[in-house]
Amino acid sequence: MKKRIGKSLCLFSGKGGVGKTVLALNLAGIYAGIEKKVLLVDLDLSGGGIALATNKPAIKTVYNFVDDYNNNRFKDFNDYVVKYNDYIDILPSPKDPRQATKIDSKYIEILLDKATFHYDVVLIDTNHVLNEINLVVLDAVDSILFVMQNDPMDLKNMKSLLSIFKDLEKTNYKILLNNSRDPFKKYFTMFDIKSIIKSNVDYELTSEFYVKNMDAYVMNGEIVTLQPKAANTFNKDYTTLVKIALDFLGGDKHDKD
Ligand SMILES: Nc1ncnc2c1ncn2[C@@H]1O[C@H](COP(=O)(O)OP(=O)(O)O)[C@@H](O)[C@H]1O
Ligand SMILES: [Mg+2]
């Protein structure tokens, strides 16, 4: 029997628009840079942007996997992924957003399990809603990266999320403060942030990684961290992204508060 080789990592947040999708793409770029085979699974089922941001047509999607599996048509996992480069494959979200509601979470668990037999890293991008699918994903993955911004609404939502995790005694997560998504949002000091969310913050991305023409990257299907000059241009944040990538491979847990 084939051996499970990979680890699964889900990016999650208390609200939308905090930079999860951009980070998922750029972490995939970092893993590709260290020659790890990575699958980007787009579980933002009704509005995912991974296929768009990589300029790859969605031939088969998460919906096709689930539909085929359910109807005994599933043969090979590789039939469902699109190749981005030698290291990054993509499994896009459904083409028709109505298909999102037809996906049973039990098949998502099977999908993630199968993926870890083919890839070193399975990176899951999703939306911020605590629905059945996302709850199953959060429970099934090896690790979670919580992404938050420095604004009152987001910190409030992160605090709630973290208290749920505490109640469930789940510690397989890390917390990232993303100052690169919107460099003007810096309402609170790190001390304030930690006391609001009642937790340590594991990583911080600075405004250095704010990319003014991010939409151009998206439209060209390019990933910032795969650009030859990225490591120099975004030196500090590039190093942070590498640290995040390596920590998850090593199975690091959230630092005690
Ligand atoms: N580092 C960044 N620099 C510039 N724009 C960014 C950056 N990160 C995110 N954005 C922009 O912010 C918006 C929301 O980001 P996105 O990754 O889609 O968030 P989420 O997936 O959490 O909803 C997008 O328009 C994206 O291009
Ligand atoms: Mg997103």
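This text goes with the structure placed above it.
Residues numbered from 1 in each chain as written. Chains lettered and ligands numbered in written order. Predicted model: local features only at pLDDT ≥ 70, side-chain atom pairs only at ≥ 80, totals over all residues. Heavy atoms only, no water.

### Re the overall build of the chain
And then number 1: When helices and strands are tallied, the chain shows 10 helices and 8 strands.
And then number 2: Scaling as 2.2 N^0.38, a compact globule of 257 residues should have a C-alpha radius of gyration of about 18 Å, and the chain matches this with 17 Å.
And then number 3: Referenced to the eigenvectors of the C-alpha coordinate spread, the extents of the chain come out at roughly 55 × 45 × 35 Å.
And then number 4: Counting across all 257 residues of the chain, residues that qualify as buried make up 51%. (Helix = DSSP H or I, 4+ residues; strand = E, 2+ residues; numbered from the N terminus. Rg over C-alpha atoms; globule rule 2.2 N^0.38 Å. Buried < 20%, exposed > 50% of the residue type's maximum accessible area, 1.4 Å probe, protein only.)

### Structural notes on helix 4 (residues 105–115)
Counting along an α-helix, one turn takes 3.6 residues, and residues three or four places apart therefore face a common direction.
And then number 1: Looking only at helix 4, the buried set comprises Ser105, Tyr107, Ile108, Leu111, Leu112 and Ala115. Looking straight down helix 4, one finds its buried side chains confined to an arc of 150°; they lie on one side.
And then number 2: Looking at the buried residues of helix 4, the elements they touch are strand 2 (38–42), helix 3 (62–70), strand 4 (88–91), strand 5 (121–125) and helix 5 (132–140).
And then number 3: N-cap assignment for helix 4: the residue whose side-chain oxygen lies 3.0 Å from the backbone N of Lys106 is Asp104. (Arc of directions from axis to C-beta. Contact = heavy atoms within 4.5 Å. Polar contact = N/O pair within 3.5 Å; in protein donor to acceptor, adjacent residues only side chain to side chain.)

### Some thoughts on the layout of surface pockets
Empty space among the atoms becomes visible once a probe the size of a water molecule is rolled across them.
And then number 1: Here the largest pocket is characterised by a volume of approximately 500 Å³.
And then number 2: Forming the boundary of the largest pocket are 26 residues, of which Gly17, Gly19, Val22, Arg181 and Met214 lie nearest the centre.
And then number 3: Among the elements that take part in the lining of the largest pocket, helix 1 (residues 20–33) stands out by supplying 5 residues, more than any other.
And then number 4: When grouped by side-chain class, the residues that make up the lining of the largest pocket number 11 nonpolar, 10 polar and 5 charged. (1 Å grid on protein atoms, 1.4 Å probe; cavity = no way out; pocket = protein on both sides within 12 Å on 5 of 7 lines; lining within 4 Å. Points joined across faces, edges and corners; volume = space filled by probe spheres on them. Nonpolar A, V, L, I, M, F, W, Y, C, P; charged D, E, K, R; others polar.)

### What to know about unusual backbone geometry
And then number 1: Phi angles above zero are rare outside glycine, and Glu35 is one such case at about 60°.
And then number 2: Assignment of secondary structure puts Glu35 in the loop between helix 1 and strand 2.
And then number 3: The phi angle at Asn72 is positive, at roughly 55°, despite the residue not being glycine.
And then number 4: Mapped onto the secondary structure, Asn72 falls in the loop between helix 3 and strand 3 (82–83).

### So, the packing of aromatic side chains
And then number 1: Taken as a whole, this structure holds 11 aromatic pairs when the rule is applied.
And then number 2: Judged by centre distance (5.9 Å) and plane angle (65°), the ring pair of Phe65 and Phe77 falls under edge-to-face. Remark: Phe77 occurs in the loop between helix 3 and strand 3 and Phe65 occurs in helix 3; sequence separation between them is 12 residues.
And then number 3: According to the relative accessible area criterion, Phe65 is buried, its value standing at 0%.
And then number 4: What makes Phe77 buried here is its relative accessible area of 2%.
And then number 5: Ring geometry for Phe65 versus Tyr80: centroids 5.7 Å apart, planes at 80°, classification edge-to-face. In this pair, Phe65 sits in helix 3 while Tyr80 sits in the loop between helix 3 and strand 3, placing the two residues 15 residues apart along the sequence.
And then number 6: Under the relative-accessibility criterion, Tyr80 is labelled buried at 2%. (Phe/Tyr/Trp six-rings, centres within 6.5 Å; stacked < 30°, edge-to-face > 60°.)

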